[in-house]
Amino acid sequence: MNLETAAENAGDREAMVRAISAAATVRCTTSPNPWVGAVVRTADGRFHEGATAPPGGPHAEVTAIAKAGEMARGATLYVTLEPCGHTGRTPPCTEAILEAGIARVVVGIQDPDPQVSGRGIEALREAGVEVTVGVQSDQVRAQLTPYVRHRETGRPWVVLKLAATLDGGTAAPNGSSQWITSPEARADGHRLRAESDALVVGAGTVRRDDPSLTVRDYHVASPYAEGVDRAKVDPRRIVLGAVSPEARVNPCTEYSGDLGDLLDQLGGEGVMQLLVEGGSGVAGEFHRAGLVDRYVVYLAPALFGGEDAKGLFGGQGVFDISELWRGGFSSVERVGADLRIELVPCGSQSNGE
């Protein structure tokens, strides 16, 4: 590799990292569209960044090109996900790229959506645009894991959120459980809600705690999503069982049946990420069915000090140590006074956000 090529590769990586950072700011506001970032690097070395707007608004590429203006002609465009070549709520991004006179496009990953799936890249190359694919692909794929999973399987990416004391207790023998974790951890849990299209709890949790399950303790702010209505960020609520019409979780969807069928149904309705917030019974059901893609456990520096506290999972666990479920830690981070531990099943890809 010569020095010129090495410098270009380093510049490509730097610009794609900028695009990934821009995409992160709109993680909670683009659904059902993917959260995408883009950067136009003009001939004078300046960067013009964009990210996907809420549904109906411009895609990341269009925003970045608009910021660059006439300087976009002959420039390089970096985008985390392959530009679309079809008309949806907005015109094809490939048309905007060609009209702007972009000379080169650098793509993080190819779009797994069957409507795109290489067609955008092919259209650009046929029009004479140089296209490079795969820069910072691991980071991009990790950032877009729920979207990729949905497009490849038709099911949402399932995140199970749990909160416990250091000795594994989630509730006292009398049923009380508020609050085990710190305000900072609870706010971080609301971030998970904001990132999710839907969440699921059991009817028992609703009857016991009467939660609203809205995003209250996390502020969604992005320069590309000004004026977003908080109610649009609140996830859709799914309750396993029946609840009172007066319950604060309403409006909600009541469901009874196979959990796999529920995932198929939600995936068909555009849910890319499902957050499981139910009690130990619901958590145990999803876990034993092998339906959890990512476990997020908040551990508080507290102890129940006995064996009568309710544990993380209800129901029957494994009988022999040889049957023990094993996963891998994807991150361990301090949040307030607590630890947030994230793990995924062995062999799975971490979300990495």
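A. Just the pairing of strand β10 (residues 273-276), in detail. Covered by surrounding structure in β10 are Q273 and L275 together with L274 and V276, the residues of both alternating faces. Pairing of strand β6 (residues 157-165) with β10, which is carried by four bridges, proceeds in the parallel orientation. Residue pairing in the sheet places W157 in a bridge with Q273 of β10. Where strand β7 (residues 198-202) meets β10, three bridges bridge the pair, whose relative direction is parallel. Bridge pairing in β10 places L199 opposite L275.

B. Inspection of the nonpolar core at higher detail. Formed by 39 residues in total, the largest nonpolar core has its most connected members in V40, I102, V105 and L144. Those elements giving two or more residues to this core turn out to be α1 (3-24), β1 (37-41), α2 (60-68), β3 (76-81), α3 (93-100), β4 (104-109), α4 (119-126) and α6 (145-153). The element that contributes the greatest number of residues to this core is α1, accounting for five residues. Excluding residues within four positions of it along the chain, I102 makes contact with V40, I65, A72, G74, A75, L77, I97 and V129. Counting 26 residues, the second largest nonpolar core, distinct from the first, contains V158, V200, V276 and F286.

C. Inspection of the pairing of strand β12 (residues 327-335) at higher detail. Looking at chain direction, β12 and strand β13 (residues 338-345) are connected through eight bridges and run antiparallel. Note on β13: the bridge partner recorded for G327 is P345. Counting the residues between successive antiparallel strands, the hairpin from β12 to β13 contains two residues, one of them, G336, with a positive phi of roughly 60 degrees.

D. Focus on α6. Taken residue by residue, α6 has T145, P146, Y147, V148 and H150 as its buried positions. The inward-facing, buried residues of α6 contact β3, β4, α5 (137-143), β6, α10 (259-268) and β10. Note on α6: the residue one or two positions beyond its end, G154, has a positive phi of about 80 degrees.

E. Region of the structure containing the sheet that holds β12. With mixed pairing, the eight strands of this open sheet are ordered in space as β9-β8-β7-β10-β6-β11-β13-β12. For this open sheet the edge positions go to β9 (253-255) and β12, each flanked by a neighbour on one side alone. Each adjacent strand pair in this sheet contributes to an overall mean axis angle of 25 degrees, direction not counted. Bridge count for strand β11 (residues 294-300) against β13 is five bridges, and the pairing is antiparallel. For V297, the partnering residue across the bridge sits in β13 and is I341.

F. Focus on the packing of aromatic side chains. In this structure the tally under the stated criterion is one aromatic pair. Between R27 and the ring centre of W35, over which it is positioned, the NZ or CZ distance is 3.9 Å.

What counts and what doesn't
Every residue gets a number counted from 1 within its own chain, in the order that chain's sequence is written. Per-residue local features of the predicted model are confined to residues with pLDDT of at least 70, and side-chain atom pairs are confined, for both listing and counting, to 80 or more; whole-chain, interface and lining totals are unaffected and use all residues. The side-chain values count all of the structure's non-hydrogen atoms but skip hydrogen atoms and water molecules. Only protein chains enter the calculation, and the probe is 1.4 Å; a residue is then buried if its accessible area is under 20% of its type maximum, exposed if over 50%, and partly exposed in between. We count a stretch as a helix when DSSP gives it H or I for four or more residues in a row; a strand needs E for two or more, and each element gets its number in order from the N terminus. At least two bridges found by DSSP between two strands is the condition for calling them paired. Nonpolar core, defined: a set of buried Ala, Val, Leu, Ile, Met, Phe, Trp, Tyr and Cys residues in which side-chain atoms within 4.5 Å join the residues together. Any two residues having at least one pair of non-hydrogen atoms within 4.5 Å are treated as being in contact. Helix axes use the C-alpha atoms of the stretch in contact, all axes being lines fitted to C-alpha atoms, and the angles between their N-to-C directions lie in the range 0 to 180 degrees. When two rings of Phe, Tyr or Trp (its six-membered ring) have centres within 6.5 Å they constitute a pair, described as stacked for plane angles under 30 degrees, edge-to-face for angles over 60, and tilted for the intermediate range. Lysine and arginine charges are scored as sitting over a ring when NZ or CZ, respectively, is within 6 Å of the ring centre and within 35 degrees of the ring normal.

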